Amino acid sequence: MDNERLSLPQYDIPEDIQNAVTITTLDRLYNWGRRSSVWPLMFGLACCAIEMIAAQASRYDMARFGMEVMRPTPRQADMMLVSGTVTKKMLPAIVRLYNQMPEPKYVVAMGACASGGGPFKEGYNVVAGIDKFLPVDVYIPGCPPTPQALIAGMIKLQEKIDKESIKKVRWYRKGPDTVEVPIPILGPDLIDPRRNQEIKAAAAQKATKESA
Ligand code: SF4
């Protein structure tokens, strides 16, 4: 860990017990535990997933970050790595999986598609960025990002975790940050339940215009 960027209590340890005693903060210990065992949820959405798989193989070795244990269940995962094009059909399943992950949990948008729709942004079936629905912690640019870029993104996520404080993290607070993300409804198009009022008002306006 980088001592420069982490909070350290300013106590001097006497020289004769320096080999036996160390002093740190609870935040630092807690962050070290989390940043060293970020288990990703195992799924891929499109071509970016191939790079994600390559990053997990022996040549790049994500094990050094404690991130090699990809979990096939959201109940045991800490990080959702959105690797690929997010289609409207797939989105309800992605949001449901996110809601099933226990806190603390992080979201990484890997590649142009997950970050903003990518080359398919204008497509009728594509969501223009997973951040329209889930809170993204790190964006990794590229189409596709290389395994090295993915690893750089993971290091950024670790740096973000290093700066967290258990007094401020969202999962120990009450409020809108900890509320489940409403699962979008897939009909003829995607409906975001958070925009229900807006959709109803627009439909009422349209009906009034048509009846006039
Ligand atoms: S960003 Fe490029 S490589 Fe990644 S899923 Fe989209 S089209 Fe495929």
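Residues numbered from 1 in each chain as written. Predicted model: local features only at pLDDT ≥ 70, side-chain atom pairs only at ≥ 80, totals over all residues. Heavy atoms only, no water.

*Asks:* Honestly, unusual backbone geometry in this entry has me stumped. Any pointers?
*Replies:* Residue Glu103 is joined to Pro104 through a cis peptide bond whose omega torsion reads -5°. Within the secondary structure, Pro104 sits in the loop between α3 (91–100) and β2 (106–110). Residues Cys143 and Pro144 are joined by a peptide bond in cis, for which omega reads -5°. For Pro144, the position within the fold is in the loop between β3 (138–140) and α5 (147–162). Of note, the phi angle at Asp61 is positive, near 65°, even though the residue is not glycine. Along the polypeptide, Asp61 turns up in the loop between α2 (48–56) and β1 (79–83). (Helix = DSSP H or I, 4+ residues; strand = E, 2+ residues; numbered from the N terminus.)

*Asks:* Help me understand the site of the ligand in this model?
*Replies:* Around the ligand lies a shell formed by Ala46, Cys47, Cys48, Gly84, Thr85, Ala112, Cys113, Pro119, Phe120, Gly142, Cys143 and Pro144. Of the residues contributing to the shell around the ligand, the split by class is nine nonpolar, three polar and no charged. (Near = heavy atom within 4 Å. Nonpolar A, V, L, I, M, F, W, Y, C, P; charged D, E, K, R; others polar.)

*Asks:* Help me out: how do you make sense of the packing of helix α1 (residues 26–35) against α5 in this one?
*Replies:* Any two packed helices are characterised by the angle at which their axes cross and by the distance between the axes. Viewed as axis vectors pointing N to C, α1 and α5 meet at an angle of 155°, and their least axial separation amounts to 9 Å. On the basis of their axis angle, the class for α1 and α5 is roughly antiparallel. For the crossing formed where α1 meets α5, the hand is right-handed. Facing Asn31, Arg34 and Arg35 of α1, the residues of α5 in contact are Gln158, Ile161 and Asp162. Classifying every residue of the contact of α1 with α5 by side-chain character gives one nonpolar, two polar and three charged. (Axes fitted to C-alpha atoms, helices over the stretch in contact; angles between N-to-C directions. Parallel < 35°, antiparallel > 145°, perpendicular 65-115°, else oblique. Left-handed = near helix turned anticlockwise from the far one by under 90°. Contact = heavy atoms within 4.5 Å.)

*Asks:* What is the right way to look at a nonpolar patch on the surface in this model?
*Replies:* There is a patch of nonpolar side chains on the surface, built from Ile17, Val21 and Ile23 and spanning about 200 Å² of accessible area. For Ile17, the position within the fold is in the segment before α1. For Ile17, a relative accessible area of 34% corresponds to the partly exposed category. (Patch = residues over 30% accessible without salt bridge, like charges linked within 9 Å, V, L, I, M, F, W, Y side chains within 5 Å. Areas by Shrake-Rupley, 256 points an atom, 1.4 Å probe, with all protein chains shown as cover. Salt bridge = Lys/Arg side-chain N within 4 Å of Asp/Glu carboxyl O. Buried < 20%, exposed > 50% of the residue type's maximum accessible area, 1.4 Å probe, protein only.)

*Asks:* Hey, could you run me through α3 in this one?
*Replies:* An α-helical segment advances 3.6 residues per turn. Residues three or four places apart therefore align on the same side. For α3, every residue scored as buried is listed here: Leu91, Pro92, Ile94, Val95, Tyr98 and Asn99. An end-on view of α3 places all buried positions within 160° of arc, on one side of the element. Tucked into the core, α3 has its buried residues touching β1, β2, β4 (185–186) and β5 (190–191). (Arc of directions from axis to C-beta.)

*Asks:* Even after reading the chapter, I still don't get the pairing of β1, so can you show me in this structure?
*Replies:* With five of five residues buried, β1 lies mostly within the body of the structure. With burial as the criterion, each face of β1 is covered, one bearing Met79, Leu81 and Ser83 and the other bearing Met80 and Val82. The pairing of β1 with β2 spans five bridges and is classified as parallel. Across the sheet, the residue bridging to Ser83 is Met110, located in β2. Handedness of the β1-α3-β2 crossover: right-handed. (Pairing = 2+ DSSP bridges. Right-handed = clockwise from strand over helix to strand, strands pointing away.)

*Asks:* Explain the sheet that holds β2 to me, please; I cannot follow it from the model alone.
*Replies:* Note: strands within a sheet are paired through backbone hydrogen bonds, in either parallel or antiparallel orientation. The strand order across the open sheet built from three strands is β1-β2-β3, with neighbouring strands paired in parallel fashion. Because the sheet does not close on itself, it has two edges, and the strands there are β1 and β3. Between one strand and the next, the sheet's axes are offset by a mean angle of 15°, whatever the strand orientation. Across the sheet, α2 is in contact with β1 and β2; its angle to β1 comes to roughly 130°. Together, β1, β2 and β3 form the strand contacts of α5, whose direction differs from that of β3 by roughly 165°.

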